[in-house]
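Coordinate analysis (summary)
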Amino acid sequence: MSAMDRVVIELDQGWGFMEKGITKLKKILEGLDEPQFNPEDYMMLYTTIYNMCTQKPPHDYSQNLYEKYQESFNVYISSTVLPAIKEKHDVYMLNELVKRWKNHKLMQRWLSRFFHYLDRYFIARRSLPPLNEVALTCFRTLVYTEIKGEVRMAVITLIDQEREGEHIDRSLLKDVLGIFVEMGMGNLDYYESDFEAPMLQDTASYYSRKASSWIVEDSCPEYMLKAEECLRREKERVSNYLHSSSEPNLLEKVQHELLTAVTNQLLEKENSGCQALLRDDKVDDLSRMFRLFSKIPRGLDPVSSIFKQHITAEGLALVKMAEDAASSKKVEKKDTAASQDQVFVRQVIELHDKFMAYVNDCFANHTLFHKALKEAFENFCNKGVSGSSSAELLATFCDNILKKGGNEKLSDEAIEETLEKVVKLLAYISDKDLFAEFYRKKLARRLLFGQSASDDHERSILSKLKQQCGGQFTSKMEGMVTDLTLAKDNQSSFEEYLSSNPHTSAGLDLTVTVLTTGFWPTYKSSDLRLPEEMVKCVEVFKEYYQTKTKHRKLTWIYSLGMCNVNGKFDAKTVEMIVTTYQAAVLLLFNSSDRWSYADIVQHSNLSDEDIVRILHSLSCAKYKILDKEPATKTISPTNVFEFNHKFTDKMRRIKIPLPPLDEKKKVIEDVDKDRRYAIDASIVRIMKSRKVLNHQQLISECVEQLSRNFKPDFKVIKKRIEDLITRDYLERDKENPNVFKYLA
């Protein structure tokens, strides 16, 4: 039969047939004893809709069928679905809702198949909502809006029951919350406004109540364990039945109530807070604290602040202990002040190791804790102990490690490790230039008197210092080490010169160390009147040196020289190792056994300060080479000295030490002088590039430039500015005296 001959299906007739099919579908959904649709049933229903939609106007019933489709859902929902859900409550209501929603989707799927032609052509041409959307809108309007409040309350109640440890049907919750999501048809507006927001509010109330009781009952570690467990479970909750988008908001609420709201109470808990955990070395608890507080905005600030306070307190306690030990008269005689200083530096190194381990292991190397550690160490490392600055203590500590016979007996690996740690500590010292000067003085003594235990270690620490403080910091020290190598070559060359010129004899075994003035600390070059025995060998070396170079001037530093002198005593001859100064005085006694103080001063041409030290070492110390009249323990200008023929010692070779001058004052003076030059140079550099600058800016830029090596004093900077004005490097602005101009 052609389309022309096709029988027209009237609306009532066609819809009557469709209603039978829809009724059959409803019975199947309600679980009644109804056979399933067979392919023939399906084709008949589909064809009916097709025919009714393709008839010529006025018999094209597409619009009517579209409305009937919606009406069939509305009728079924109102008469059957909604009453079935509303007559139940709590879990039973949720189960019914899930069942009815699944049925609704099944009904929509079948009807969409029957009405497929309508969906494909009529709806597409008219831009109407598609059939699946119409079905969902019916359910949302008639069921969802009606029961969402009760459903939400039931779900939240179940979640709280699970939080209390009860067992609940998680798959049921997942299905129910899936309905909230599906109501948004691709967006989460309904889920977020109708469920998530109230659920988050309930979560906040729940954990606020928990926090209030736990913070009173539990210790800090116990509380943190509970908080961590709660966060783990909430995360699990998201993966079990909540939508994944809820995770950040949910965790943020829990963190706020359990951590942010009680931060101070928790961290400052007596006997179990952050301070106590640090004190008792509770590594696991501190790691947990970091994990928890790192998740909340600025949560680590109070933790790092307590960390800093704790380190500062421990550091200041070490300083006080060292002060007490230094000033205490109960210290045993063998415990010299020097060894106390060694102990102090060693303790500071151990403290740094301990807290650096915390930063690495507990606080995941976080910059905030590195900063706290740095600021705490800067605080107490610049305090100084019993009149000695930290810079001096560190330099002395290094000296003890690096010199022969130092009281630190360590393996090569341990020395390297310790030097590495000392250089790390130096980073916290503000007066790095003072350390450099003290270190240089001590390095000079080690190198010149052959006290250095290992050249490798000397070079190693210099490379570490260079890395930490820059090439300028170590250039002079590196020059000193190089000088010693060159001096050995020079000595070999001198010995060759002597052997190849037999007529040139020094008369004594002479070793000369030639140094470069700029590298070494400044030494007093006194006008010592050399004994005749020494004059000739000095002249011979001068002749030799002139054959090497004509452009260099030799300045002899006798205060650093050493001599081996044979003393012929009644009992036996003893070889004495003495300084050049001591030797010059001893050799006077070859011409006469008895000398007055005044005669010794006159013949040696040394200062009173030096003479007192020399005579004290020879007549009042361990080895009494000279007898003194009167036999007191102090040297005075009226004393007379006589060679002690009766002196003897069980050793055939003895070293008579000359107490060194206290160089601390001179080092500090030298550093102050260098600082003045550095400040001058900095000011001129800044003004040369800026031309015009106000007072405050000039000072702050100057401090910034110099703080790498030392902390300049504002008053000193002001004085240097005034000095540069008088020397015509700068001038004040005529209108504003606070502004300076650079004078080219």
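Everything here concerns the structure above.
A brief look at the structure comes next. (Residues numbered from 1 in each chain as written. Predicted model: local features only at pLDDT ≥ 70, side-chain atom pairs only at ≥ 80, totals over all residues. Heavy atoms only, no water.)

**Regarding the sheet that holds strand β5 (residues 640-643)**
Within the open sheet, the 3 strands sit side by side as β3-β5-β4. Their pairing is antiparallel. Edge strands, defined here as strands with exactly one partner in the open sheet, are β3 (594-596) and β4 (626-629). Strand-to-strand, the axes of this sheet are offset by a mean angle of 25 degrees, without reference to chain direction. Strands β3 and β5 of the sheet are contacted by helix α24 (residues 597-604), whose axis makes an angle of about 85 degrees with β3. Contacting β4 and β5, helix α25 (residues 608-619) crosses the sheet at an angle of about 110 degrees to β4. (Pairing = 2+ DSSP bridges. Helix = DSSP H or I, 4+ residues; strand = E, 2+ residues; numbered from the N terminus. Axes fitted to C-alpha atoms, helices over the stretch in contact; angles between N-to-C directions. Contact = heavy atoms within 4.5 Å.)

**A short note on the environment of Q63**
Positionally, Q63 belongs in helix α3 (residues 62-86). Along the primary structure Q63 and R126 are separated by 63 residues, whereas in three dimensions their C-alpha atoms are 9.9 Å apart. With residues near it in sequence (within four places) discarded, Q63 still touches F122, R126 and L128. At 3.1 Å, the side chain of Q63 and the side chain of E67 are in polar contact. (Polar contact = N/O pair within 3.5 Å; in protein donor to acceptor, adjacent residues only side chain to side chain.)

**Re α25**
Under the 1.5 Å per step criterion, the end-to-end length of α25 is 16 Å for 12 residues, consistent within 8% with the ideal 16 Å. Taken residue by residue, α25 has D610, I611, R613, I614, L615, S617, L618 and S619 as its buried positions. Contact partners of the buried residues in α25: α23 (580-588), α24, β4 and β5. (Expected span 1.5 Å × (residues − 1). Buried < 20%, exposed > 50% of the residue type's maximum accessible area, 1.4 Å probe, protein only.)

**Looking at the pairing of β4**
Residues L626 and K628 line the buried face of β4, whereas the alternating positions D627 and E629 sit on a face that is not buried. In the sheet, β4 pairs with β5 via 4 bridges, with the strands oriented antiparallel. For D627, the partnering residue across the bridge sits in β5 and is E642.

**Focus on the pattern of salt bridges**
Here the structure, examined in full by the defined rule, presents 52 salt bridges. Here E375 ties to K371 by a salt bridge, and the two come within 3.1 Å at their closest N and O atoms. Highlighted residues: E375 and K371, both in helix α16 (residues 367-381), separated by 4 residues, approximately one helical turn. Assessed through its relative accessible area of 27%, E375 is described here as partly exposed. (Salt bridge = Lys/Arg side-chain N within 4 Å of Asp/Glu carboxyl O.)

**Digging into helix α21 (residues 471-500)**
Its 30 residues give α21 an end-to-end C-alpha distance of 42 Å, which sits within 8% of 44 Å, the value for a rise of 1.5 Å per residue. Maximal helix bending in α21 amounts to about 25 degrees, located at M477. (Bend = angle between axes of the 7 residues up to and from the residue.)

**So, the nonpolar core**
L258, F293, F307, F377 and Y439 are the most contacted members of the largest nonpolar core, which totals 89 residues. What L258 contacts, discounting residues up to four positions off in sequence, is Y207, A211, W214, Y223, A227 and C230. (Core = buried A, V, L, I, M, F, W, Y, C linked by side-chain atoms within 4.5 Å.)

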